[in-house]
Amino acid sequence: MTHASETTVPRPGGGFRIDLKAAAPFIALAVLLVFGALLNPNFVSAANLLNVLTRCAFIAIIAVGATFVIASGGLDLSVGSMAAFIAGSMILIMNGMGGDPTIGTIALAMLIALGIGALCGLANGVVTTAGRIEPFIVTLGTMGIFRALVIWLAEGGSIAMKDQELRALYRPVYFGNVFGIPIPVLVFLAVAAIAAFVLYKTRFGRHVLAVGSNEEVARYSGIPVGRVRTLTYVVQGLCVAVAVLVYVPRLGAATPTTGLLWELQAITAVVIGGTALRGGTGRVWGTVCGALILEVVGNIMVLSDLVSEYLIGAVQGAIIIVAMLVQRSMSRRT
Amino acid sequence: MTHASETTVPRPGGGFRIDLKAAAPFIALAVLLVFGALLNPNFVSAANLLNVLTRCAFIAIIAVGATFVIASGGLDLSVGSMAAFIAGSMILIMNGMGGDPTIGTIALAMLIALGIGALCGLANGVVTTAGRIEPFIVTLGTMGIFRALVIWLAEGGSIAMKDQELRALYRPVYFGNVFGIPIPVLVFLAVAAIAAFVLYKTRFGRHVLAVGSNEEVARYSGIPVGRVRTLTYVVQGLCVAVAVLVYVPRLGAATPTTGLLWELQAITAVVIGGTALRGGTGRVWGTVCGALILEVVGNIMVLSDLVSEYLIGAVQGAIIIVAMLVQRSMSRRT
Amino acid sequence: QEKSVTMAVSIPAADHGWTGGVVYHAEREKAALEARYPGLKIILKTSPDGASQANALEDLSAQGIDALVTLPHNSDELTDPVRRVKESGVFVTVVDRALSDPTIQDLYVAGNNPELGRVAGEYMKKELGQGDIVVIRGLPIVIDEQRVTAFNAAIEGSGIKVLDSQYGNWSRDDAFKVMQDFLTKHPKIDAVWCQDDDMAVGVLEAIQQSGRSDIKFVVGGAGMKDMIKRVMDGDPMIPVNVLYPPSMIATAMDLTAAGLYDQVPVRGSYILAAPLVTKDNAAEYYFPDSPF
Amino acid sequence: MGSGDIVLEGRGLFRSFGPVEVLSGIDIVLRAGEVHAVIGENGAGKSTLMRLLSGHLEPTKGTVAIDGVPCTFRGPVDAEHRGIVLVHQEILLAPHLTVAENIFLGREKRRGLILDDRRMNREAAAAVLDLGADIDPTTAVERLSIAQRQLVQIARALAVDHRVVIFDEPTASLTPVEADALFRVIARLRERGIAVLYISHRLAEVKAIADVVTVLRDGRLVAHHDASELEPFDMARLMVGRDMSNLYPERRPPPAAADIVLEARDVSVPGFVENASFVLRKGEILGFGGLIGAGRTELLEGVLGLRPSTGEVRVNGKAVRFRTVHDSMQAGIVYLSEDRKGKGLLVGQDLRTNLTLSALDRFRRGPLIDKAREWAALDRAITAFDIRTRRRDINAGQLSGGNQQKLLLAKSMLIEPDIVVIDEPTRGIDIGTKAEIYRFIAKLAADGKAVIVISSEMPELIGVSHRVVVMRGGHIAGEVDGARMTEAEIVVLATGVAAQAA
Ligand SMILES: Nc1ncnc2c1ncn2[C@@H]1O[C@H](COP(=O)(O)OP(=O)(O)OP(=O)(O)O)[C@@H](O)[C@H]1O
Ligand SMILES: Nc1ncnc2c1ncn2[C@@H]1O[C@H](COP(=O)(O)OP(=O)(O)OP(=O)(O)O)[C@@H](O)[C@H]1O
Ligand SMILES: [Mg+2]
Ligand SMILES: [Mg+2]
């Protein structure tokens, strides 16, 4: 194996092609923004854009977790109910802690919430991998379980933070800002940055993509497939918990409708962001962009007077399909 | 050369294995039936069992269609809203036809409903295959579109059959029976039988499985992959329409909440029935059994007083996961 | 009193605040009635949608029941299924949403959805006289439509203009979002009608965040305890509430049981008012232990 | 050269993938009743040429003509209708469908509306039997071994009317027994006046069955000869561009009493292997021979924790229990699967990701993966293993088959194992690379590592091994070494029959 050096192997100069593919969701977003601005000048006001950015935080954070699960070839339908369950438990814990409301109380409750999230994810992961059941079914099952637990905890009503002082202390986590940037936005940027780092720069991330690409190859390469899969669900659980940390201070309550259909939104954000449902790819920033697209579409619908309230769902559905069409045709062209 | 056949390959289990795998959902159903009988003797009364069988007709029929879509590697999340849309349109058409209510009126409305179903399916299929977008996204989009159309048609309220005479004429299609067997049961048996025939005995069925198994191979074999995929969605649309034909006489109305979450139930029935979500296999009778399992679980919940009303969702979710676990371990053992 | 009677109660699942309250009151009343009448057995079942409620009705009557108390998801859809129960000789009490065929129900305990809309509309007309309001609707179902229709009829002809209306799905989160966007879209809003107290929570939060002061008040509905408390405390943003008590299910169960055991005549209609809760009468409607 | 009429012909064929030109001006002529072999190194463009001739790809320039009439195929099915069929190099079958369903896919036999499965099963069984295999036509393809799949694929191609049959490395995963049957089929095709295009890296085979030989190198036509004019030695020289005198490396004397590094005692893999025992010594190359389905792959997978197994395994004298392949890697054993695409490489990921996948720990800097070091490792691997690729950022699936094998080899060596198990090391590999791989295996042994080679090519087993264990029907049938290590001995053990035929 000597004479090989003749083969001159060019460095990967073809970055441009990949870039355009990854850029597709951002371009779709830009088009939407222009469209929105044309419909209603208020749309591009700083206040509105900050509202939209802040609101998309929950879905964006959850969808970042979903990117891991989907990249490894899994699926998690339980995230919405899981969010409600974590929120409910967290509030009950805060209500139960008593004592003077301090930052410490909140911090402790936050830690517990993260723990619960990780455990919920672990449950999904273990049942999926150890039981070798389709994740669709497992997480559909846990979706029902978490939702029922919330209803049970709330006795059908709602679970609200009782201590108004604590509530006031916690409120800024949603409504506050740092140098004008709302805290939820900072949180989701941080989560996305960490996630991108983990997915692209660490061994675990590489393993996630390998498992999603071809499970057999991953197994033959000595990758602990079950553990990697399980961990993606734990990551998902943690992300849901982080989303909840930002969610609870907004309305200070969890109800049986909290997080309804968030799973579909999260998965949609992931797919619009360019991650394929069959696994093997994962685009964290695309996912964030996807979440923004969803939120912007909703925002435009309300701000414009184009369609009756009855038909909003139809237009939203159509816009999402069209956005995907545009994106696909763009990434195919190059 | 001639002695190649001597190689004694320890063939694993042979045909028996396959049978047991296909039987797994039926065994799970049997276990559930025994369990139900122990909880409440009323459970095994003929009246109750007929009720359950009759009720599972909608989901069973829709899930049979979903078996085709899933076997070919697709997914259809829009079936629930599609059902609502078809039901709404059908009722409006019947209300609008005027004249003396006759069987002819109903038959015509039925035909139109089938046509609408086929068109809705066609739309899903064409966008998915021609646009090459993940079916998850396409059908999530059309789910929103169909649902919004129903809301729009109902103007936020409900769409009810106005003519009581017509209603009385149509009622037997759900409540009637032939030799003691309720008509919806006959319909779903017929649909399943036809579907099994098409999937296992016709060229189209073979192509569906091939496309789901390996699209590239199918293409190289001269199978019109896009057309086969599209047709599976049309089959799904037709099945939804048939389900609607049986549904409308039961409640005589369609509302914006009609068919909510049916898509999840249908997919669950398919998966419990032994069809893998990644395509390439399709078990029509397993699907019917899966739909029955879901309905029986719900029935047992109503008949028993085991758990608080709040926790029913949790128990249902858990039972479905356990049923899958049992089934998987059974089909793996052999 | 030893007569053994089975009463079935079929209600929507606790999927948001108000239905949660219904389930809560039904469970409480079940315990109370079973204690009061030793021979009485109450089977309580919740269903997530109309079709499953029809299923539940079949299952309940298959077990042999003497009376049915039901709060149907939807009048049109459940008329026939309830009729079938009635045909097997069961005493039928319908709560809140009248069936399309009123001859089916033996007893009707009405919460009167149109009344809720009308009362809210009348208040707007009286307080505001004229101005711009936004409406946040519930889910696209019949109840919502009845309330909105009655509301619109009530403000008809006054100077009140509905700038915008959107579905908030009876969810705090969705109402919060919709209100944020309304605030962006409309520079001046005088009042908000949001039809349900759960949504009012989200609306208030959005208004508070925007820091706007043009919104004079928010009218919710259904009598959630936090909202009643605010009315009681004289919160200017929540001057009134329109009562729509989930406890009406308990009223219905109570009346039905009384009819079965006490030989008192209960057949007919029992219309609950949708009274306007104001600072003056709020204490009457405040139940701190209720989950809703 | 040939005598029959020209059936298929390619004139001045060019083909590029993006900016890379992989075929440049190829002329090829196929005559009826002629077996035409195409040989060349991995990546020379053989498969690409075949795909152009069979409608799977369109040439960027140049024409394909049938019976002298230029034509453009609308796709592989169109080519099939015109009588040109291709047996792909990689397995292209629908895994969930049965053997018969695959053979008749897209051309199902029907009675009225109904599929005539009985007839298709019967004909499929016959078609497979014709190739010397006995496979139940109702078995799902995913349950077949690679060799069996290859046979099914051949049967599928031959099941339509054909005038030209193109075999792209059909024997790569076949043992001599099945290969012989295939040659007989090819002979019959030739007698019927059918033109056969045949790609193989086994030059002796080419010599034996071909009438004409075309040699490609780097996408260019190098030579075109009557097979009778060429000896395998000449073919090798034409392909590689230099003399290929000794294919097999100098064999060091087998280590007599070296330490036993791996020992398996009474290992059973349920359903495949029963009570197999063997030992492997330091510095030794141990061959595993046998027919397809003998259970060699399963035995080693069982030993290494890739499938459930029972029995005792010792590494360096210590009893071990490998639950996953990760455990065995930790113990310094690496296994290279025979199924490169299904189990060896992530075909949808790039070369760098594939290369370092098993050895990511060696490319870490703190919690990070050091991409620069990965790229450097790729550069080194490309040089050391002579991976022919014109770009470094393509996906592994875009490499030619032989180069995939080299990449897999490079990937496995990154974890610096003490024991290397290679399943079918040279399947689909050109002769130049083969020699390199043999030398590489010999070097591993010389460096004091131990190597197990599972192979269906007997000359290869004999050429590189110190000792050969032969399996038959899930059992170890015997062991040969030294002078007894001959094809005849091995065939006797592998078939259980005296090998007059072989
Ligand atoms: N789809 C593709 N995209 C880019 N490059 C390709 C593609 N297909 C083949 N190539 C390149 O074309 C060249 C020729 O490949 P081809 O498969 O024809 O070689 P081959 O002679 O059949 O080799 P082998 O003996 O290994 O099978 C290789 O360098 C390969 O990497
Ligand atoms: N997943 C499976 N399920 C059932 N049988 C299988 C499966 N995989 C392989 N087999 C069967 O097991 C037998 C042994 O497999 P295999 O051919 O890989 O053995 P081998 O001795 O390694 O042969 P090869 O020469 O191909 O390496 C074959 O007859 C095959 O049909
Ligand atoms: Mg090739
Ligand atoms: Mg093998």
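If you're wondering where the values come from, they're calculated on a predicted model, not measured in any experiment.

Visitor: I'd like to hear about the coordination of the magnesium ion (ligand 3), residue by residue, with values.
Guide: All names here are of chain D. Around the magnesium ion (ligand 3), the donor atoms from the protein are S47 (OG) and Q89 (OE1), and they sit 1.9 to 2.1 Å away. On the criterion of sequence distance, the pair formed by S47 in helix α1 (residues 46–53) and Q89 in the loop between β6 (84–87) and α3 (99–103) is long-range, its members being 42 residues apart. Owing to a relative accessible area of 16%, S47 belongs among the buried residues under this scheme.

Visitor: Pulling in residues and values, what's your account of empty space enclosed by the protein?
Guide: Take a probe with the size of a water molecule and roll it over the atoms, and the empty space left behind shows itself. Taken as a whole, this structure holds 7 cavities of 30 Å³ or more when the rule is applied. Forming the boundary of the second largest cavity are 17 residues, of which Y220 of chain B together with E80, L86, H88 and R156 of chain D lie nearest the centre. Elements with a contribution of two residues or more to the lining of the second largest cavity: α10 (215–220) of chain B together with α2 (76–81), β6 and α5 (146–158) of chain D. Split by residue class, the lining of the second largest cavity holds 9 nonpolar, 5 polar and 3 charged.

Visitor: So what's going on with the site of ligand 2? Residues and values would help.
Guide: In the neighbourhood of ligand 2, 17 residues make up the surrounding shell, with S145, G295, R296, T297 and E298 of chain D lying closest. Chains contributing residues to the immediate surroundings of ligand 2 are chains B and D. In this structure, an oxygen atom belonging to ligand 2 sits 2.4 Å away from a side-chain N or O atom of T297 of chain D. In terms of residues, the shell around ligand 2 owes the most to one element, helix α9 (residues 296–303) of chain D, which gives 3 residues. When its residues are assigned to classes, the shell around ligand 2 shows 6 nonpolar, 6 polar and 5 charged.

Visitor: Summarise the nonpolar core; cite the residues concerned and give the values.
Guide: Buried together is how nonpolar side chains tend to be arranged in soluble globular proteins. In this structure, V248 of chain A together with I136, M179, V192 and V218 of chain C are the most contacted members of the largest nonpolar core, which totals 269 residues. With residues up to four places along the chain from it excluded, the contact list for M179 of chain C reads V134, I136, I189, V192, V203, A206 and I207 of chain C.

Visitor: Describe the packing of helix α12 (residues 262–272) of chain B against helix α13 (residues 284–303) of chain B, and please don't skip the residues or the numbers.
Guide: The description of two packed helices rests on the angle between their axes and on the distance between the axes. Residues and elements named next belong to chain B. Following both chains from N to C, one finds α12 and α13 inclined at 120°, their axes separated by 7 Å at the closest point. Taken together, α12 and α13 sit at an angle that is classed as oblique. Crossing angle aside, the handedness with which α12 passes α13 is right-handed. Between α12 and α13, the residues in contact are Q265, T268, A269, V270 and I272 and G286, T287, G290, A291, I293 and L294, respectively. The class makeup of the residues in the contact of α12 with α13 is 6 nonpolar, 5 polar and no charged.

Visitor: Kindly report on the sheet that holds strand β18 (residues 333–336) of chain D, identifying the contributing residues and their values.
Guide: All names here are of chain D. Within the open sheet, the 6 strands sit side by side as β18-β21-β22-β15-β23-β24. Their pairing is mixed. Unpaired on one side and paired on the other, β18 and β24 (475–481) mark the two borders of the sheet. With direction set aside, neighbouring strand axes in the sheet form an average angle of 20°. Pairing between β18 and strand β21 (residues 419–423): 4 bridges, direction parallel. In the sheet register, L336 faces β21, and the bridge partner there is I422. Against the sheet, α9 makes contact with β15 (285–290), β18, β21, β22 (450–454), β23 (467–472) and β24, and its axis sits at roughly 135° relative to β15, the strand it touches most. Across the face of the sheet, helix α17 (residues 487–495) comes into contact with β15, β23 and β24 while running at roughly 30° to β23.

Visitor: Explain the interface of chain A and chain B to me, and be specific about the residues and the numbers.
Guide: Each partner contributes residues to the interface: chain A has 40 residues there, and chain B has 40 residues. Together, the buried faces of chain A and chain B total about 3,400 Å²; carbon and sulfur atoms form 78% of this surface. Linking chain A with chain B are 0 salt bridges, by the criterion used here. Counting residues per element, the ones that place at least two in the side of chain A that touches chain B are α4 (103–131), α5 (135–153), α12 (262–272) and α14 (312–333) of chain A. At 13 residues, α5 of chain A tops the list of elements feeding residues into the side of chain A that touches chain B. Of the residues assigned to the side of chain A that touches chain B, the class counts are 25 nonpolar, 10 polar and 5 charged.

Visitor: Describe the coordination of the magnesium ion (ligand 4), naming the residues involved and giving the relevant values.
Guide: Residue and element names in this part refer to chain D. Taken together, T297 (OG1) and E338 (OE) make up the protein donors of the magnesium ion (ligand 4), found 1.9 to 2.4 Å from the metal. In this pair, T297 is assigned in helix α9 and E338 in the loop between β18 and α11 (340–344), connecting sequence segments 41 residues apart. Just as T297 is buried, E338 falls in that class too.

Visitor: Tell me about the environment of A195 of chain B, and name the residues and values.
Guide: Residues and elements named next belong to chain B. Mapped onto the secondary structure, A195 falls in helix α8 (residues 183–201). C-alpha separation for the pair A195 and I86, spaced 109 residues apart in sequence, amounts to 21 Å. Beyond its immediate chain neighbours, meaning those up to four positions away, A195 contacts V64, F68 and V284.

Visitor: Can you explain the relation of the copies chain A and chain B? Please cite residues and give values.
Guide: The two copies are related by a screw operation: chain A maps onto chain B through 180° of rotation and 0.1 Å of translation along the axis, at an RMSD of 0.2 Å. Overall, the copies show the geometry of a two-fold rotation axis. Among all residues of chain A, the minimum C-alpha distance to the rotation axis is found for R278 of chain A, at 4.4 Å. Both copies share a contact surface, since 100% of the interface residues of chain A are interface residues in chain B too.

Visitor: Explain the side chain of E295 of chain B residue by residue, including any values.
Guide: Take E295 of chain B: it is sitting in helix α13. At 3.5 Å, the side chain of E295 of chain B and the side chain of R55 of chain B are in polar contact.

Visitor: Describe in detail the site of ligand 1, supporting the description with residues and values.
Guide: All names here are of chain D. Every one of the 19 residues lining ligand 1 counts as a neighbour, but G43, K46, S47, T48 and Q89 are closest to it. Between ligand 1 and A44 there is a distance of 3.2 Å, counted from an oxygen atom to a backbone nitrogen or oxygen. Between ligand 1 and Q89, the relevant distance is 2.8 Å, taken from an oxygen atom to a side-chain nitrogen or oxygen of the residue. Contact with the protein chains removes 86% of the 640 Å² of surface that ligand 1 exposes when unbound. Elements with a minimum of two residues in the shell around ligand 1: α1 and α14 (401–413). Considering each element in turn, the shell around ligand 1 owes the most residues, 4 residues, to α1.

Visitor: Please set out the packing of aromatic side chains residue by residue, giving values where relevant.
Guide: Under the definition given, this model contains 25 aromatic pairs over all chains. Consider the rings of Y247 of chain B and W262 of chain B, whose centres lie 5.4 Å apart with planes at 80°: the pair is edge-to-face. Here Y247 of chain B is found in helix α11 (residues 225–251), whereas its partner W262 of chain B is found in helix α12, with 15 residues between them in sequence. Exposure remark for W262 of chain B: the relative accessible area of 6% places this residue in the buried category. Both rings, one in F278 of chain D and one in F288 of chain D, keep their centres 5.2 Å apart while their planes meet at 85°; by these two values the pair is edge-to-face. A residue pair is termed long-range when its members are at least 10 positions apart, and F278 of chain D in strand β14 (residues 273–281) and F288 of chain D in strand β15 qualify at 10 residues.

Visitor: Outline the state of the cysteines, supporting the account with residue identities and numerical values.
Guide: The tally for this structure, following the rule as stated, stands at 0 disulfides over all chains. The thiol of C289 of chain B is not disulfide-bonded; the next cysteine sulfur, from C56 of chain B, is found 9.6 Å away.

Reading the values: the criteria
- Residues numbered from 1 in each chain as written.
- Chains lettered and ligands numbered in written order.
- Predicted model: local features only at pLDDT ≥ 70, side-chain atom pairs only at ≥ 80, totals over all residues.
- Heavy atoms only, no water.
- Donors = N, O, S within 2.8 Å, 3.2 Å for Na, K, Ca; no water.
- Helix = DSSP H or I, 4+ residues; strand = E, 2+ residues; numbered from the N terminus.
- Buried < 20%, exposed > 50% of the residue type's maximum accessible area, 1.4 Å probe, protein only.
- 1 Å grid on protein atoms, 1.4 Å probe; cavity = no way out; pocket = protein on both sides within 12 Å on 5 of 7 lines; lining within 4 Å.
- Points joined across faces, edges and corners; volume = space filled by probe spheres on them.
- Nonpolar A, V, L, I, M, F, W, Y, C, P; charged D, E, K, R; others polar.
- Near = heavy atom within 4 Å.
- Polar contact = N/O pair within 3.5 Å; in protein donor to acceptor, adjacent residues only side chain to side chain.
- Core = buried A, V, L, I, M, F, W, Y, C linked by side-chain atoms within 4.5 Å.
- Contact = heavy atoms within 4.5 Å.
- Axes fitted to C-alpha atoms, helices over the stretch in contact; angles between N-to-C directions.
- Parallel < 35°, antiparallel > 145°, perpendicular 65-115°, else oblique.
- Left-handed = near helix turned anticlockwise from the far one by under 90°.
- Pairing = 2+ DSSP bridges.
- Buried area = accessible area lost by both parts, 1.4 Å probe.
- Salt bridge = Lys/Arg side-chain N within 4 Å of Asp/Glu carboxyl O.
- Least-squares fit on C-alpha atoms with pLDDT ≥ 70 in both.
- Areas by Shrake-Rupley, 256 points an atom, 1.4 Å probe, with all protein chains shown as cover.
- Phe/Tyr/Trp six-rings, centres within 6.5 Å; stacked < 30°, edge-to-face > 60°.
- Disulfide = S-S within 2.5 Å.

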